[in-house]
Amino acid sequence: MTLLDLWLSHSIPMCLLLQSLVLMALCFPSASMCPKGCICQREPHLHGLNVSCSQSRLKEIPPSLPVDTVLLRLDHNQIGAVPDQAFHGLRLLRELNFSYNAVETLGEGAFSGIEATLQVLDLSHNRITSVHKDAFARLKARVIVDDNPWHCDCALQQAIGGMAHNHEAAARVLCRSSEVRDQEGRPFLAVDTDLCNLAKRTTDYAMLVTMFGWFAMVISYVVYYVRQNQEDARRHLEYLKSLPSKPKKPDEADDISTVV
C-alpha cells in the first residue's frame with residue numbers, strides 16, 4: 001500500500017466525522033449559547049431556537065439569551081420584574097410564556113424590541129397590580145393576563161384602551177382593588193367611570209382642601225394676634241390706672257389762685 005492509498009483510507013472517515021460535527025453544531029447549539037438552567041433546541045420548522053427555562057427556580061430573566069430564539073418559556077419560576085428592554089435583540093421571538101411568576105408591575109419598555117414579531121404573550125398567574133399606560137401600546141400579540149390582582153386605575157384604563165385588538169384579554173381583567181369602591185371584584189370592562197378624570201378631580205379636591213387649611217390657619221393666627229394685642233393693651237391700661245396720682249406742688253396751687 002502506497003502512502004497515497006494510506007492517506008485516502010484515513011481521509012474518508014475524517015471527512016465523515018467533520019460532516020457529523022458540523023451537522024451536530026447546526027442542530028444543537030453549544031452549551032455556551034444556552035443560558036444556565038435552560039434547554040435550547042433547534043427545530044427546523046421554527047427556523048430558530050426553542051428555549052425552555054421552565055421550573056428552573058430563576059429569580060431574574062437570564063442574560064444573553066440566544067438572538068435566534070423563537071419560543072421562550074420562562075414559566076413557573078420566581079422572576080419578580082421585567083426590566084425595560086429585557087428582550088431587546090430577540091428579533092425572531094414569536095411566543096413568550098411568562099406565566100406563574102412573581103411580576104408585580106410592568107414598565108413602558110418591558111417588551112421593547114419584540115413588538116413586531118411577538119404573537120403570543122402569556123402573563124397569567126403573576127402578581128401584577130399595575131402597568132405603565134403604554135406597556136402594551138405597540139404590541140400586536142395576543143396577550144393573556146388572567147389571574148392577576150389588578151388595581152383598576154387611570155394607567156390601567158389607558159393600557160387597556162390601547163389593546164383594542166385584545167378585547168378577550170381586556171375582558172378577563174378583574175379588579176382586585178379600584179379607585180371606585182363598587183368596582184372591586186368586577187370585570188374591568190364593567191367600569192363605566194373615566195378613572196383619569198376621577199383622579200384629576202381627586203387631585204383638585206385635595207389641593208382645594210389644602211389651600212382651605214392654609215387659609216384657615218392664617219385667619220386663626222391673625223385673630224389670635226389681634227386678641228393678644230387687645231389683652232396686652234387692656235392690661236397696660238389697668239396698670240396705668242392703678243398708679244398713684246401725682247401730688248400738686250405749692251407753686252402750682254398759688255398760680256391757680258392768682259389766675260382766679
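Preceding block: the structure.
What this report covers is the structure whose coordinates are included nearby. (Residues numbered from 1 in each chain as written. Predicted model: local features only at pLDDT ≥ 70, side-chain atom pairs only at ≥ 80, totals over all residues. Heavy atoms only, no water.)

## Comments concerning the overall build of the protein chain
- Along the backbone of the protein chain there are five helices and 10 strands.
- Taking all 260 residues of the protein chain together, 31% fall into the buried category.
- Taking as baseline every contact in the protein chain between residues at least 6 positions apart, the subset at least 24 positions apart corresponds to 46%.
- When the accessible area of the protein chain is evaluated, it comes to approximately 17600 Å², of which 60% is carbon and sulfur surface. (Helix = DSSP H or I, 4+ residues; strand = E, 2+ residues; numbered from the N terminus. Buried < 20%, exposed > 50% of the residue type's maximum accessible area, 1.4 Å probe, protein only. Contact = heavy atoms within 4.5 Å. Areas by Shrake-Rupley, 256 points an atom, 1.4 Å probe, with all protein chains shown as cover.)

## Overview of the state of the cysteines
- Under the criterion given, the structure shown has four disulfides.
- Sulfur-sulfur distance for the disulfide between C34 and C40 comes to 2.1 Å. Given an S-S torsion of about 90°, the disulfide between C34 and C40 has right-handed geometry. Neither C34 nor C40 differs from the other in exposure class; each is buried.
- One disulfide bridge connects C154 with C196, the sulfur atoms lying 2.0 Å from each other. Between C154 and C196, the S-S torsion sits near 90°, and that sign places the bridge as right-handed. Taken together, the residues C154 in helix α2 (residues 154-161) and C196 in helix α4 (residues 195-242) connect sequence positions 42 residues apart.
- With relative accessibility at 22%, the residue C196 sits in the partly exposed group. (Disulfide = S-S within 2.5 Å.)

## Focus: the pattern of salt bridges
- Using the criterion set out here, one finds five salt bridges in the structure.
- Of the charged contacts, one joins R138 and E115 as a salt bridge, the two residues approaching to 3.7 Å between their closest N and O atoms. Of this pair, R138 sits in the loop between β7 (130-131) and β8 (142-144) while E115 sits in the loop between β5 (105-106) and β6 (120-122), placing them 23 residues apart in sequence.
- On the accessibility criterion, E115 (17% relative accessible area) is buried. (Salt bridge = Lys/Arg side-chain N within 4 Å of Asp/Glu carboxyl O.)

## Here we look at the sheet that holds β6
- Taken in spatial order, the six strands of this open sheet run β1-β2-β3-β4-β6-β8, and their pairing is mixed. Strands with a single pairing partner mark the edges of an open sheet, and in this sheet they are β1 (39-43) and β8. Here the average twist between neighbouring strands, direction ignored, is 15°.
- Examined bridge by bridge, strand β2 (residues 48-52) and strand β3 (residues 69-73) share four bridges and lie parallel to one another. Counterpart to V51 in the pairing with β3 is L72. (Pairing = 2+ DSSP bridges. Axes fitted to C-alpha atoms, helices over the stretch in contact; angles between N-to-C directions.)

## Some points on the side chain of S99
- Secondary-structure assignment places S99 in the loop between β4 (95-97) and β5.
- Judged by relative accessible area, S99 falls into the buried class, the value being 4%.
- Polar side-chain contacts of S99 include one of 2.7 Å to the side chain of N97.
- Not counting residues within four places of it along the chain, the set of residues in contact with S99 comprises L74, D75, H76, D122, S124, H125 and N126. (Polar contact = N/O pair within 3.5 Å; in protein donor to acceptor, adjacent residues only side chain to side chain.)

## Considering the nonpolar core
- By size, the foremost hydrophobic cluster in this structure holds 46 residues, and its most contacted members are L74, F87, L96, F98, L106 and F111.
- If you list the elements that add at least two residues to this core, you get β2, β9 (150-152), α2 and α3 (167-171).
- No other element matches the three residues that α2 contributes to this core.
- Beyond its immediate chain neighbours, meaning those up to four positions away, F87 contacts I61, L72, L74, V82, L96, F98, A110, F111, S112 and I114. (Core = buried A, V, L, I, M, F, W, Y, C linked by side-chain atoms within 4.5 Å.)

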